[in-house]
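# Structural overview for review
If you want the building blocks of each chain, they are given just below.
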Amino acid sequence: MPFSKDFLWGGAVAAHQLEGGWNEDGKGVSVADVMTVGGYGKPRRITRGVVAGENYPNHEAIDFYHRYKKDVKMFADMGFKAFRTSIAWTRIFPNGDETQPNEAGLKFYDDLFDEMLKYNIEPVITLSHFEMPYNLVVKYGGWKNRKLIDFFVRFAKVCFKRYQHKVKYWMTFNEINNQANIENDFCGFTNSGVVLRKEENPLQVLYQVSHYELVASAKAVKIAHEISPDMKVGCMLAYQPVYPLTCNPDDIILSVQEMHKRNFYGDVHVRGHYPAYALAQWKNKNIQLDITKEDLVALKEGTVDYIGFSYYQTAVVTTDESKIKTDVKEADEKVDNPYLKRNDWGWQIDPVGLRYALMVLSERYEVPLMIVENGIGLHETEADEQSDGMIHDDGRIAYFQAHIEQMKKAVEEDGVDLWGYMPWGCIDLVSAGTGEMEKRYGFIYVDKDNQGNGTLNRKPKKSFYWYKKVIATNGEDL
Ligand code: P53
């Protein structure tokens, strides 16, 4: 049996993608609240504040804020041992720069965690998952401003203190490395509230905001350990391995350089100092950063306890220009892997890549790992229901079977220390990238479409019963 009896089988979501209640009980406006609905190839727009008449899918999302008790019960029915969600920063500090937290917001998460613990579901909590207070963007320029470190640390400290007896597993910033994709405005905005001015150098801004976040994260880790040594604090990386298309040595070097962009964050979070390739790049590109001696000490003192990561797909790079698609915007869609297929949103499906990710992360860092997102977005409607009243999402089941198979190999044959597996969007929710409801990941169907119509009723899909069996047999029966 590859998995220990306390392996954390569960599911994952993020506050802004399912809660709704965007302006209830004192909640402030977050960056997610000013993003419109988009679609595949149609970016979400970022508006100046909340504008009347726009469709903001996160405002209501799937109304988890009012329905969480029934939803948590369904997770318990599936046998979840863990549930990953995030705390909306704006429920606790509506504007981000207050000195006192909002009690109504704190109370909501107390109730939610109690509900989970009632069923022995372990909360796995991200502090900032694409949802910083919009006020911090308008007033301070987001993470371009050093003041954000103190605002975040205050928020983190309040959460650690308040929930120390309920939450053992924490992560600081969701997919902190997503913003390395500087070609896409969405990434800088959702990660760090960055709106680039024309005269700004995108790389300079990227590394400055990343530095402030890495320092803030390290300070939070240290504080958590002081409050309670039982709390484990991890980082959270979007881990998308980049393969060389061929064994041409130039392709190999290019793939390693591409991986630097992704590894940069984990390297600092885990090792507590900047890697040599980053220092060289800053020097060569004349990037000057505000980094103090105290910051460097903080980075050293606040290394993470584990790595949480998302895994969806792999990408390919090559120096052979004839193989690079020029009409495609997304970097990870420019070169096709001839061995793999893509889903309707162009995401390349690669189960073996999950084993590869586990091997590489485990060898590079030698810390425990937790898969806190994995899954496939599919188009499904109630019209797909079979006579048994269920959507037969066989494509999703096949995706998970193949991925869990590889995860087993990584644990059994490669000796990877893996704490848990939490598939993304265990209940249908709003897509982060496109804002669609119809990019569905769930074991549970939610009746709502991209325009916001629907009853919001919940219904198990076929995969619900399949995953329940997987958990009940601790991954033996796939
Ligand atoms: P969606 C890519 C693009 C945007 C967000 O994504 C992403 C990724 C994957 O690396 O991040 C995570 O909803 C994220 C979740 C998100 C999930 O992937 O665009 O942590 O918030 O929903 C899936 O299909």
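In what follows, the structure referred to is the one given above.
Below is a summary of the structure that appears in this document. (Residues numbered from 1 in each chain as written. Predicted model: local features only at pLDDT ≥ 70, side-chain atom pairs only at ≥ 80, totals over all residues. Heavy atoms only, no water.)

### A look at the site of the ligand
Definition in use: The cutoff for a nearby residue is simple: one of its non-hydrogen atoms must lie within 4 Å of the molecule or strand. A 3.5 Å cut-off defines polar contacts: any pair of N or O atoms within that distance qualifies, except that in protein one atom must be a possible hydrogen donor and the other a possible acceptor, and neighbouring residues in sequence count only when both atoms are side-chain atoms. Calculation of accessible area relied on Shrake-Rupley with a 1.4 Å probe; when residues are assessed, cover is drawn exclusively from the protein chains displayed. Each residue receives one of three labels: charged for Asp, Glu, Lys and Arg, nonpolar for Ala, Val, Leu, Ile, Met, Phe, Trp, Tyr, Cys and Pro, and polar for the others, Gly being one of them.
Surrounding the ligand, one finds 17 residues, the nearest of these being Q17, E175, E373, K439 and Y441. Between the ligand and E373, the relevant distance is 2.7 Å, taken from an oxygen atom to a side-chain nitrogen or oxygen of the residue. Between the ligand and Y441, the relevant distance is 2.5 Å, taken from an oxygen atom to a side-chain nitrogen or oxygen of the residue. In the complex, 90% of the free accessible area of the ligand, which totals 480 Å², lies under the protein chains. Across the shell around the ligand, the residue classes tally to eight nonpolar, six polar and three charged.

### Section: the state of the cysteines
Note the cut-off: Throughout, a disulfide means two cysteine sulfur atoms within 2.5 Å of one another. The cut-offs for exposure are 20% and 50% of the maximum accessible area for each residue type, with area from a 1.4 Å probe on protein chains only; residues under the lower value are buried, those over the upper are exposed, and the others partly exposed.
Per the stated rule, a full pass over the model turns up zero disulfides. For the unlinked cysteine C187, the closest cysteine sulfur is that of C235, found at 18 Å. In this structure C187 comes out as buried when scored by relative accessible area, which is 5%. Looking at C235, the relative accessible area reads 0%, which means it is buried.

### Notes on the nonpolar core
Under the convention used in this document: Throughout this description, the term nonpolar core refers to a set of buried Ala, Val, Leu, Ile, Met, Phe, Trp, Tyr and Cys residues connected via side-chain atoms within 4.5 Å. Secondary structure is summarised from DSSP: a helix means a run of H or I of at least four residues, a strand means a run of E of at least two, and numbering begins at the N terminus for each. By the convention used here, residues are in contact when the closest approach between their heavy atoms is within 4.5 Å.
W143, W170, F309 and M407 are the most contacted members of the largest nonpolar core, which has 147 residues in total. If one sorts the elements of this core by residue count, helix α8 (residues 202–227) sits on top with 14 residues. Here M407 is in contact with F3, F7, W9, L354, L358, I371, L418 and Y421, once residues within four sequence places are set aside.

### Overview of the environment of S310
Along the chain, S310 falls in strand β7 (residues 306–311). Between the C-alpha atoms of S310 and W9, which are 301 residues apart in sequence, the distance is 15 Å.

### With respect to the pattern of salt bridges
Rule in force here: Within this document, salt bridges are pairs made up of a side-chain nitrogen of Lys or Arg and a carboxyl oxygen of Asp or Glu, the two lying within 4 Å of each other.
Summed over the entire model, instances satisfying the criterion amount to 39 salt bridges. Of the charged contacts, one joins E103 and R162 as a salt bridge, the two residues approaching to 2.9 Å between their closest N and O atoms. In this pair, E103 is assigned in helix α4 (residues 103–118) and R162 in helix α6 (residues 147–163), connecting sequence segments 59 residues apart. On the basis of relative accessibility, which here comes to 45%, the residue E103 falls in the partly exposed class. A residue is classified by how much of its surface remains accessible, and R162, at 29% relative accessible area, is partly exposed. Between K166 and D110 there is a salt bridge whose closest N-O contact spans 2.8 Å. On the criterion of sequence distance, the pair formed by K166 in the loop between α6 and β4 (169–173) and D110 in helix α4 is long-range, its members being 56 residues apart.

### What to know about the packing of α4 against α6
How we decide: Only the stretch in contact is used when a helix axis is fitted, and all axes are lines through C-alpha atoms; the angle between N-to-C directions ranges over 0 to 180 degrees. An angle below 35 degrees is read as roughly parallel, one above 145 as roughly antiparallel, one from 65 to 115 as roughly perpendicular, and any other as oblique. Two helices cross in a left-handed way if the nearer one is turned anticlockwise from the farther one by less than a right angle. They cross in a right-handed way if the turn is clockwise.
Axis separation between α4 and α6 bottoms out at 11 Å; the angle between their running directions is 45°. Taken together, the axes of α4 and α6 are oblique relative to one another. The handedness of the crossing between α4 and α6 comes out as right-handed. Between α4 and α6, the contacting residues are E103, G105, L106, K107, Y109, D110 and F113 on the first element and V158, R162 and Y163 on the second. By residue class, the composition of the contact of α4 with α6 is five nonpolar, one polar and four charged.

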